[in-house]
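# Remarks on the overall topology
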Amino acid sequence: MRVDLFDFELPAERIALRPASPRDSARMLVVPAKAGFEDRRVRDLPNYLRPGDALVVNDSRVIHARLSGRRLRGQLSANVEATLIERLDASHWRALMRPAKKLAIADRIRFANDDSGLDAHVEAKGDDGEITLAFDLVGPALDVAIEQAGVMPLPPYIAGRRSADARDETDYQTIFAHEAGAVAAPTAGLHFTTQLLAAIKARGVGLHRVTLHVGAGTFLPVKAENTDLHKMHEEFARLDAQTAQALNETRAQGGRIVAVGTTALRVLESAADDAGRIAPYAKRTGIFITPGYRFRAVDMLLTNFHLPRSTLFMLVAAFVGLERMKAAYAHAIESGYRFYSYGDACLLQRFET
């Protein structure tokens, strides 16, 4: 499909720079499968769930992936900034760096001014501007040093208008966060509070966790002119055997699977076979969902409002239909909904052809 079909105009004032407080007071646009829209709040979510349904959340935790440092080359040095985007192994990370063009293979980078040892060298440079960093530290020691030296990697549409601060330490982390490794938050989960979870449990709805470590590439606009030419960014995903069994039992008993966020949805769809049966999963996924995709595992989706021309907007367009999703976004813009990571939510019921 042509990528420009997924474009739309968004006024800058619709981009949220802070989340709603409390979290579940965020607005929620309900998009039923057939027609019409309902303007609600996230705290109303239990009213749209049924006893026996299963809510699936992503338990990935955002790390302090944005680092400032100095490039060391002989007697010369210069300021650099790195955003870690993917762990390759115990000591290597792919990163977006500024200024990437001025970096050379074997350049030393010092990311801390103390004796933490958070040094690396440039091991490789990609054609797309990505840098492979080989750190001196390995494993848990490297993880600790990154957490101490780095800051929360706010998305560019927020970071370009303000710096990360102490509030973001909690605001940009979901209450489900447990498995460290994401460089961007699974933002639909940001809306949940303990009170909302208690109401969902009282409704007779099960809560299940999967893991997908969100990479920075997930949120970027697609630069290709046609979706067939886009190379999807891969991310590590995990769904254990106990969760797979519970979700299969939910479907067998007539319950619905409700994904909290496109990340949870992509794990579930990656793990499901053509008949919709979910199997344990623990590997990288590059699933790219566009209109025409036949959903196998997910019945409803709670998600935020996404960037134009992004793979995530393509995914939600596939879930409810492109024209219906465009109409929903137009309604949201006109009605003052707040967009992107710290913005409001929409609850989508899957369109059945």
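Relevant structure appears above.
Throughout what follows, the structure given in this document is the object of discussion. (Residues numbered from 1 in each chain as written. Predicted model: local features only at pLDDT ≥ 70, side-chain atom pairs only at ≥ 80, totals over all residues. Heavy atoms only, no water.)

### Here we look at the side chain of Arg 71
Of note, Arg 71 is situated in strand S5 (residues 66-73). Salt bridges are absent for the buried Arg 71, whose nearest opposite-charge side chain, Asp 107, sits at 4.4 Å. Discounting chain neighbours no more than four positions away, the residues touching Arg 71 are Leu 76, Ser 77, Ala 78, Val 80, Lys 102, Leu 103, Asp 107, Arg 108 and Ile 109. (Helix = DSSP H or I, 4+ residues; strand = E, 2+ residues; numbered from the N terminus. Buried < 20%, exposed > 50% of the residue type's maximum accessible area, 1.4 Å probe, protein only. Lys, Arg positive; Asp, Glu negative; His and termini not counted. Salt bridge = Lys/Arg side-chain N within 4 Å of Asp/Glu carboxyl O. Contact = heavy atoms within 4.5 Å.)

### Looking at the pairing of strand S3 (residues 54-58)
For S3, a buried count of five out of five residues is recorded, marking the element as mostly surrounded by other parts of the structure. Bridge analysis of S3 against strand S12 (residues 206-212) gives five bridges, and the strand direction is parallel. Note that in S12 the partner of Val 57 across the bridge is Arg 209. Note: S3 against strand S14 (residues 257-260), three bridges, orientation parallel. The partner of Ala 54 across the bridge, within S14, is Ile 257. (Pairing = 2+ DSSP bridges.)

### Focus on the environment of Ile 146
For Ile 146, the position within the fold is in helix H1 (residues 139-149). Measuring from C-alpha to C-alpha, the distance between Ile 146 and Val 42 comes to 34 Å, with 104 residues separating the pair along the chain. In this structure, Ile 146 is in contact with His 64, Leu 67, Leu 84, Trp 93 and Leu 118, ignoring residues within four places of it in sequence.

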